[in-house]
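Report on the structure
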Amino acid sequence: MAYRIQLDKEKLQKELSPLEYNVCLNHGTEAPFQNEFWDSKKEGIYSCKCCGTPLFSSEAKFDSGTGWPSYFQPINEENIEEVEDSSHGMVRVEVRCGACGCHLGHVFPDGPAPTYKRYCINSASLSFKENA
């Protein structure tokens, strides 16, 4: 798919940590309970680490008990892309940044109301700006 923002992988390799690069561009996963935002209670906006597109609000964040930050909805459906993922012998729905294609995580149908969705997102793919 052609994304609105084209990523410069060489530039990102210099700017991102090896973990961030692996998660964002190689569809990797970080360890649960050992990542920056899994238990954060700060209020603000979580954006794409690669392009800065606003993705999730702390208002939609909840404790899923999984060890990754989880949200019941994105800020705007157009800011994310959902793609079927049949890797690792499972069928899941991958979540990518809708602007640049950065891998974010996966979405599952076991979240709270009102959407009953759980966007299970890697902290390594997010930047955070706290509300003033």
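These notes cover the structure that comes with them. (Residues numbered from 1 in each chain as written. Predicted model: local features only at pLDDT ≥ 70, side-chain atom pairs only at ≥ 80, totals over all residues. Heavy atoms only, no water.)

Take the sheet that holds strand β4 (residues 70-71) next. Spatially, 6 strands are ordered β3-β4-β8-β7-β6-β5 in an open sheet, and the strand pairing comes out antiparallel. Each edge of the open sheet is held by one strand with a lone partner, namely β3 (61-62) and β5 (80-85). Both β3 and β4 contribute to a ladder of 2 bridges, which runs antiparallel. Its bridge partner being in β4, K61 is matched across the sheet by Y71. (Pairing = 2+ DSSP bridges. Helix = DSSP H or I, 4+ residues; strand = E, 2+ residues; numbered from the N terminus.)

Note the cis peptide between A113 and P114, where omega equals 10°. Backbone geometry at H27 places phi at a positive 60°, although glycine is not the residue there. In this structure, H27 sits in the loop between α2 (18-26) and β1 (44-48). On the basis of relative accessibility, which here comes to 40%, the residue H27 falls in the partly exposed class. Its identity as a non-glycine residue notwithstanding, Y116 has a phi of 60°, on the positive side. Mapped onto the secondary structure, Y116 falls in the loop between β7 (103-108) and β8 (118-121). (Buried < 20%, exposed > 50% of the residue type's maximum accessible area, 1.4 Å probe, protein only.)

Note that all results are geometric; they support no functional claim without further evidence.
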